[in-house]
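The lines below spell out each chain.
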Protein chains: 2
Amino acid sequence: MSEKKMVEEITSMDVDFAKWYTDIVKKAELIEYTSVKGCMVIRPYAYAIWENIQRILDGRFKATGHENVCMPMFIPESLLQKEKDHVEGFAPEVAWVTHGGSEKLEDRLCVRPTSETLFCEHYSNIVHSYRDLPKLYNQWVSVVRWEKTTRPFLRSREFLWQEGHTIHATAQEAIDETERMLNVYADFCENDLAMPVIKGKKTESDKFAGAVSTYAIEALMHDGKALQAGPSHYFGDGFARAFDIQFTDKENKKQYPHQTSWGVTTRLIGAIIMTHGDDNGLVLPPAVAPIQAVIIPIAQHKPGVVDKANELRDRLAAAVRVKVDDSDNSAGWKFAQYEMKGVPLRIEIGPRDIENNQCVIVTRHDNQKTTVSLDNLEQAVTAKLQEVRDGIYEKALKNREKHTYRCRSIDEINQRLADNGDGFVYAMWCGDEACEDSVKEQTGVGSRCIPMEQENLDDKCVCCGKPAKHMVCWGKAY
Amino acid sequence: MSEKKMVEEITSMDVDFAKWYTDIVKKAELIEYTSVKGCMVIRPYAYAIWENIQRILDGRFKATGHENVCMPMFIPESLLQKEKDHVEGFAPEVAWVTHGGSEKLEDRLCVRPTSETLFCEHYSNIVHSYRDLPKLYNQWVSVVRWEKTTRPFLRSREFLWQEGHTIHATAQEAIDETERMLNVYADFCENDLAMPVIKGKKTESDKFAGAVSTYAIEALMHDGKALQAGPSHYFGDGFARAFDIQFTDKENKKQYPHQTSWGVTTRLIGAIIMTHGDDNGLVLPPAVAPIQAVIIPIAQHKPGVVDKANELRDRLAAAVRVKVDDSDNSAGWKFAQYEMKGVPLRIEIGPRDIENNQCVIVTRHDNQKTTVSLDNLEQAVTAKLQEVRDGIYEKALKNREKHTYRCRSIDEINQRLADNGDGFVYAMWCGDEACEDSVKEQTGVGSRCIPMEQENLDDKCVCCGKPAKHMVCWGKAY
């Protein structure tokens, strides 16, 4: 009964993708709603995924020389207003603190939507000489943006993220940093999250408020929509000028330093769900799965079965995140539960397996069963986890390839989207914002990015027919 | 010049303890002020201390069965008001969000000063049956309390903390949890922070808003004032009743569950400074020191010296957090700098040391030099770190013993405080709040806690002479 109930309550992704998504976030116990719209409880299972993301990324940030700091959560209105483009971009969607206790504040405070202004104020206090540069900072905090429409992980009023903020003596150093961190994100998404991404540059109309240029990685979700993860911004010296940050160079001259910022958010959890999930629930990439293998004793009332399961767990614990479920629930119920939770490997061990010195490993993403000898269980499990990562990566890549359309006319774009569903459209662009808008208006797909890896599909802009400057990746965005 | 400057700028702790403290937080690059009063930048060195505290405590929380979650930072005013005592305690000091973007909110939101109300709302959604209990949750976040007087780490408007929140089927389980976590805190402070603490129960007048009972650990700072760390609260079923959280027990009857909460904050960094620091700067307990040993090459321009220093670092890196400073600064400047930063061990290696296959280890807290053979450097360094922990613990314990006064009358309290300076006063109490207030009025020391380890100093209350119920630890508090 329970097994049936658990599965029945999930909408099929082909029937209603949005409903399927919210079913999973609830049924896999990832989030719970609260009485504050757009603010959610991140439950232990989802938080454990986030902790794994943090641990891996934090290690990469530190390996590339970054240090963690912590800025206040409040920004005075007067400070937010110092950089013109920045405040225009963010002021409409911030939460304002107007009272402390029973007293009205003179300068109201916004809850940080992002912390460039705070870092700039700090830099102006601590950066004086070329010896003080670079500063390579990062912080793991939550930020608030007062969004009208909200969805768990994808668009919430408060979300967790890391924001890297760096300041350099030269423009080139800052540009290199922007690219370095984009590559760190891309590598993490591809290898650890098994999510293929396209690295690219945002068009002028789509860049971050206050940036000279914004880079980002774009992934294609199972429904053919694009999800942006990991933007990396190059600021030039615009913020430094607005905040009067100057340093004395080796020739004793005053100079403005150059800055970057970059961040990923709990949105990545939404990306994992929509890239790898299926109608049985979550499918988690092994690198971030809170439980990488669950051991289910079969006929666990028989003598020795639970003991054997525990023995296998103890053997595996040094290499993988593993647990035994010897609860009273039926084996079938457990199978359904751990499928819903996306645990990459299920290890079944019963009396007959014990007799034969073997166990059965079932991979979540393709439901393949393999009988393996207990003699080399550790190697088998480690190899299976790699197989899962490779398998779900290939599956996601195939889905992206199937839904990537190289087009040479507006008609072709509309035809391909109509025939094959949403996806990435590759088409040439003259660089004119009017054409960018026009493509979106005529086809429904907007510019996602100008991919680093350019292809010469045509000499002409897909919209106006004038000489093309870039190949753009177009799509519908989350 | 730099060496002199670095030391000169610190006020001696005996001259002005408060000034000495703020000098250290700035000179050791722990914090930087911001334009928001009471909100500070936690700089990389202080944040690295906090990361070590987090890592160790998080491990202990997980080892005792707790899971991390993340609640929203906002609490609707209507939710905060559900538990009467709780709202009375916190409403006067919260920051209020009244606007989201340009729109006024219907129900204004406070930035969490603590999250009992949010956890209760969540429990009411997810706890239905005895099978759902216990829930052992924790979160690492920041909270806001709109304090009038602020000091870095000790009292700031925003601070980082962890807050544990648990819910249990029975009162006894919740009481056990309260004590368990108090013991985790005490053990962590004593062993990892090398800070002797007194475990005790708060008096009725001093307990947390909404709690049945509050336990805490109290440490004595170098100036004789007390600092509370690690409160642990038992709530009974008061919050459950206020928030209508009920579960069905095994006999199918509705019951109210019992709750606890407990937390430590970045205040611990203030406690470390004021327990172990001296006139040369910070003295860090090895367990949380970002750098446990710094290697200073002596006469580093001579061939082979820096290479040898790097070789030692590579050997030590597996066992300790170690760095080499081969910058252009003079050795003397480096000595002063790492003393200021409280690095437990300084390892000096010069041409003559290399010749003799040795190095010199200097312990920060007592400036003792030991020449050790390079053959067993790893063991020597590990042993030295333990020696430092034990040494600073003993030093702090001696200071506390020297400033602990067992008194049988108000006059004796005043006399001891006048003769020997601030400290802990142990004296008997009848349990009457009027006497508690009167002791404070007559002596300046308030009740810190009722220590778990009771002594029978007298049969009579130190204030009114009526039969004594408890021995109380009194003191001036941070």
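From a predicted model like this one, the values you see are computed outputs, not experimental measurements.

Asks: Is there a simple way to explain the relation of the copies chain B and chain A in this structure?
Replies: Put simply, the two copies of the chain differ by a rotation about an axis and a shift along that axis. Under the fitted operation, chain B is carried onto chain A by 0.0 Å of movement along the axis and a turn of 180 degrees, and the coordinates agree to an RMSD of 0.0 Å. Here the transformation between the copies is reduced to the relation of a two-fold axis. Across chain B, the smallest distance between a C-alpha and the rotation axis is recorded for valine 97 of chain B, namely 2.1 Å. The residues that chain B uses at the interface reappear at the interface of chain A in 100% of cases, marking a shared surface.

Asks: Where do I start with the sheet that holds strand β23 (residues 470-475) of chain B in this structure?
Replies: By way of backbone hydrogen bonds, the strands of a sheet pair with one another, either parallel or antiparallel. Residue and element names in this part refer to chain B. With mixed pairing, eleven strands are arranged side by side in an open sheet as β3-β7-β8-β14-β11-β10-β9-β22-β23-β21-β20. Of all the strands in the sheet, just β3 (67-68) and β20 (404-406) have a single pairing partner and so form its edges. Bridge analysis of strand β9 (residues 198-201) against strand β22 (residues 446-451) gives two bridges, and the strand direction is antiparallel. Opposite lysine 201, over in β22, you have isoleucine 450 as the bridge partner. Seen against the sheet, helix α3 (residues 44-63) touches β3, β7 (135-144), β8 (158-168) and β14 (258-265) and runs at an angle of roughly 165 degrees to β7. Against the sheet, helix α9 (residues 267-276) engages β10 (213-220), β11 (226-236) and β14, with an angle of about 145 degrees to β11.

Asks: How should the packing of aromatic side chains be read in this particular structure?
Replies: Working definition: an aromatic ring pair is given by the centre-to-centre distance plus the angle between the planes. The final tally for this structure, using the stated rule, is 28 aromatic pairs over all chains. Between the aromatic rings of phenylalanine 74 of chain A and tryptophan 146 of chain B, the centroid separation amounts to 6.0 Å while the plane-to-plane angle is 70 degrees, which identifies the pairing as edge-to-face. Here phenylalanine 74 of chain A is found in strand β4 (residues 74-76), whereas its partner tryptophan 146 of chain B is found in the loop between β7 and β8 on a different chain. For the pair shown, phenylalanine 74 of chain A and tryptophan 146 of chain B are each scored as buried.

Asks: Got a minute to help me understand the state of the cysteines in this structure?
Replies: A covalent bond between the sulfur atoms of two cysteines is referred to as a disulfide. Tallied over the full model, the rule gives zero disulfides over all chains. Free of any disulfide, cysteine 70 of chain A has its nearest neighbouring cysteine sulfur in cysteine 39 of chain B, separated by 10 Å. Its sulfur unpaired, cysteine 463 of chain B is 3.9 Å from the next cysteine sulfur, which belongs to cysteine 435 of chain B. Taking relative accessible area as the criterion, cysteine 463 of chain B reaches 25% and is therefore assigned partly exposed.

Asks: Is there a simple way to think about the interface of chain B and chain A in this case?
Replies: Opposite the 52 residues of chain B that make contact, chain A presents 52 residues. When chain B packs against chain A, close to 4100 Å² is buried across both sides, 61% of that on carbon and sulfur atoms. Ranking the residues of chain B by area buried against chain A places Pro44, Cys70 and Met73 of chain B at the top, with a combined share of 13%. Glutamate 103 of chain A serves as the salt-bridge partner of lysine 148 of chain B, at 3.9 Å between the closest nitrogen and oxygen. The interface formed by chain B and chain A holds 17 residue pairs in polar contact (both at pLDDT 80 or more) in total. Counting residues per element, the side of chain B that touches chain A draws most heavily on strand β5 (residues 95-100) of chain B, at six residues. In terms of strand pairing, strand β5 (residues 95-100) of chain A meets β5 of chain B through five bridges, oriented antiparallel. Of the residues in β5 of chain B, the one forming a bridge with histidine 99 of chain A is tryptophan 96 of chain B.

Rules behind the numbers
Residue indices begin from 1 for each chain and proceed along its sequence in written order. To read the labels, note that chains go from A and ligands from 1, taken in the order they are written. Local features are withheld for residues below a pLDDT of 70 in this predicted model, meaning they are given only at 70 or higher, and side-chain atom pairs are given and counted only at 80 or more; totals for whole chains, interfaces and linings count all residues. The side-chain values count all of the structure's non-hydrogen atoms but skip hydrogen atoms and water molecules. Superposing copies: least-squares fit, C-alpha atoms only, residues required to have pLDDT of at least 70 in both. By the convention used here, residues are in contact when the closest approach between their heavy atoms is within 4.5 Å. We call two strands paired when DSSP finds no fewer than two bridges between them. The numbering of helices and of strands both runs from the N terminus, where a helix is a DSSP run of H or I of at least 4 residues and a strand a run of E of at least 2. Geometry is summarised by axes, namely lines fitted to C-alpha atoms with helices restricted to the contacting stretch, and by angles between N-to-C directions that run from 0 to 180 degrees. In summary, the pairing rule links any two rings of Phe, Tyr or Trp, Trp by its six-membered ring, whose centres are within 6.5 Å, and it sorts them by plane angle into stacked for under 30 degrees, edge-to-face for over 60 and tilted for everything else. For each residue, the accessible area found with a 1.4 Å probe, counting protein chains only, is set against the maximum for its type, and the residue is called buried under 20%, exposed over 50%, and partly exposed in between. Counting rule for disulfides: a pair of cysteine sulfur atoms within 2.5 Å. Here the quantity called buried area is the accessible surface, traced with a 1.4 Å probe, that two parts lose on coming together, added over both. For salt bridges, the criterion is a side-chain nitrogen of Lys or Arg within 4 Å of an Asp or Glu carboxyl oxygen. Polar contacts, as counted here, are pairs of nitrogen or oxygen atoms within 3.5 Å of one another; within protein the pair requires one atom able to donate a hydrogen and one able to accept it, and residues that are adjacent in sequence qualify only if both atoms are side-chain atoms.

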